Amino acid sequence: MPADRLDLAALIAERGSERYELNARYLNPQLPRMLHAIGFDRYYERAEGPYFYDAEGNEYLDMLAGFGIFALGRHHPVVRAAVHQVMDLGLPDLTRFDCSPLPGLLAEQLLSYTPGLDRVFFGNSGTEAVETALKFARCATGRPRILYCDHAFHGLTAGSLSVNGEGGFRRGFGPLLPDTAIPLGDLGALAKELKKGDVAALIVEPIQGKGVHAVPPGRLLAVQQLLHEHRALLICDEVQTGIGRTGDFFAYQHEEGVQPDLVCAAKALSGGYVPIGATLGKGWIFEKVYSSMDRVLVHSASFGSNAQAMAAGLATLHVLREERVVENAHRVGELFRARLAALVERYELLAEVRGRGLMIGIEFGRPKSLKLRTGWTALQAARKGLFAQMVVVPLLQRHRILTQVSGDHLEVIKLIPPLIITEREVDRFVDAFTEVMEDAHRGSGLMWDFGRTLVKQAVGSRP
Ligand SMILES: Cc1ncc(COP(=O)(O)O)c(C=O)c1O
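Residues numbered from 1 in each chain as written. Predicted model: local features only at pLDDT ≥ 70, side-chain atom pairs only at ≥ 80, totals over all residues. Heavy atoms only, no water.

### Quick notes on the sheet that holds strand β5 (residues 145-149)
For the record, the criterion: A pair of strands is considered paired only if DSSP assigns at least 2 bridges between the two. Numbering goes from the N terminus for both helices and strands, where a helix is a DSSP run of H or I of at least four residues and a strand is a run of E of at least two. All axes are obtained by fitting lines to C-alpha atoms, using only the stretch in contact for helices, and the reported angles, taken between N-to-C directions, cover 0 to 180 degrees.
Judged by pairing direction, the sheet is mixed, and its 7 strands sit side by side in the order β4-β12-β11-β10-β7-β5-β6 without closing on themselves. Two strands bound the open sheet, and with one partner strand each, they are β4 (119-123) and β6 (180-182). Mean inter-strand twist for the sheet, computed between neighbouring axes without regard to direction, equals 20°. Note: β5 against β6, 3 bridges, orientation parallel. Within β6, the position partnered with Cys149 by the bridge is Ile182.

Written out as structure tokens, the structure reads:
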């Protein structure tokens, strides 16, 4: 290899086949273990749009989009070109003692989608966008406590973990901040906590990543009113639901009159190219945080607002508008859910299809017939969520479709595909899923044998 150049393609060609061993030796050892256990240990070579390809050129349909990051699919040419351009411009990026134009331009565009919000802080991830909102809410209200919802997921750094609604993620990392959980959309529980007078904010995902549960219709507005009556803030975590995922730019916009005080975004905002996080907020909140010149760096991040992330963000919003991506998410999402919902009548193991736009939850439930109930009950006794895993595995192994179980101990598969998918991808998924359901309803065979193997292994999942 010449000393003046790192030949990445040659490096990958030479060492790529060691990928699982390298991960097992130097990174999280449970990842390769888990992937081997469920037969997901593939060697993908390249990706484009909503597809991956292995070395033999087999095409895999991506219904996960890197946990929701690749809203435009992989390697969108406009975003890729923007990242190349910004590198080639040789900008004096991150000097820290000037104001570069790109963050201002991206903030201007983002805020054009969110009337009522005035300012943006750019960080590097979803959890950082949440940490920012938690700090800003405390600073602006002068109160310490944050409320959050049962089963919430807001990221895994210490502050975000303090408002995580799942014991499994928290265990072993305490003590965390003294924040308080309430059931999703429960006004009574919210009112009771607000009366104590120490609540800075409630943080909520308009549609929870875990299980794809939406705040009930009309409830977000009522929650907002109650919070504001008690001079507490509404934080909407739109890290997963934002940037078009649910068929609106932000999911809270589905409900008229909802105007959060702070909104967290990340994931899809950079088209998957460069890590990014954004916390949008009302002007008065930012004025409290940055209240004097000596507080100019009171909340900042070394890589925040970097030129690559900003360029990728600008390009992503450009594509979103030009290709009418949000409208596509709405239209294809409706079609997708309708096609899946039609299967609920046909298959007794299928309980419900829910969601909005291209954030879809498929829930399995206890079958009525004795033939299926025996197998179902055995799986449930071993661990909840194994049936959903039993569906995810043949979807990949037989049909080359990547999906995930929507959180530990849930019989729910979540689909969060790139927002650019069309009827073609919907057809491919529905055909494959129908075949897997047919198999499952035979009550015997390979799928149930595999279920018994799963009973012996514990397999984790992510909201
Ligand atoms: C709703 C929500 N908030 C926050 C996060 C954390 O984002 P990140 O993984 O970029 O830190 C996630 C990630 O899945 C999320 O779904």
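Still more ground to cover, so stick around.
### Focus: the side chain of Asp439
Note the following rule: In this description, contact between two residues means that some pair of their heavy atoms is separated by no more than 4.5 Å.
Secondary-structure assignment places Asp439 in helix α17 (residues 423-441). Apart from the residues within four sequence positions on either side, Asp439 is in contact with Arg398, Ser444, Met447 and Trp448.

### Things to note about the packing of helix α15 (residues 370-382) against helix α18 (residues 446-456)
The condition is simple: These descriptions rest on fixed angle ranges, namely under 35 degrees for roughly parallel, over 145 for roughly antiparallel, 65 to 115 for roughly perpendicular, and the rest for oblique. In a left-handed crossing the near helix is turned counterclockwise from the far helix by less than a right angle, and in a right-handed crossing that turn is clockwise. Amino acids are sorted into nonpolar (Ala, Val, Leu, Ile, Met, Phe, Trp, Tyr, Cys and Pro), charged (Asp, Glu, Lys and Arg) and polar (every other residue, Gly among them).
Closest axis-to-axis distance for the α15/α18 pair is 9 Å, and the angle between their directions is 20°. By the angle class used here, α15 and α18 are roughly parallel. Seen along the crossing, α15 lies across α18 with a hand that is left-handed. Taken together, the residues of α18 that come into contact with α15 (itself represented by Leu372, Gly375, Trp376, Leu379 and Ala382) are Trp448, Gly451 and Val455. In the contact of α15 with α18, the residues fall into 6 nonpolar, 2 polar and no charged.

### Notes on unusual backbone geometry
Keep this limit in mind: With a 1.4 Å probe rolled over the protein chains alone, any residue whose accessible area is under 20% of its type maximum counts as buried; one over 50% counts as exposed, and the rest are partly exposed.
Put simply, Gly174 and Pro175 share a cis peptide bond, and its omega is 0°. Along the polypeptide, Pro175 turns up in the loop between α9 (167-170) and β6. The phi dihedral of Val212 falls on the positive side, at around 55°, and the residue is not glycine. Inspection of the secondary structure assignment puts Val212 in the loop between β8 (207-208) and β9 (213-214). A relative accessible area of 1% means that Val212 is categorised as buried.

### Considerations on the packing of aromatic side chains
Which entries qualify depends on this criterion: The aromatic pairing rule takes the rings of Phe, Tyr and Trp, using the six-membered ring of Trp, and pairs them if the centres are within 6.5 Å, calling planes under 30 degrees apart stacked, those over 60 edge-to-face and the rest tilted. Charge-over-ring placement is defined geometrically: NZ (Lys) or CZ (Arg) within 6 Å of the ring centre, and within 35 degrees of the ring normal.
Tallied over the entire structure, the rule returns 17 aromatic pairs. On the basis of an interplanar angle of 40° and a centroid distance of 4.9 Å, the ring pair of Tyr44 and Phe52 is categorised as tilted. Look at Phe52 and you get buried, because its relative accessible area is 8%. Through a chain of ring-to-ring contacts, three or more aromatic side chains come together here, namely Phe336, Phe364, Trp376, Phe387, Phe429, Phe433 and Trp448. In this structure, Arg46 packs its charged tip against the face of Tyr53, placed 4.2 Å from the ring centre. Here Arg400 stacks its cationic end above the ring of Tyr60, 5.8 Å away from the centre of that ring.

By themselves, these observations are geometric and do not establish any function.
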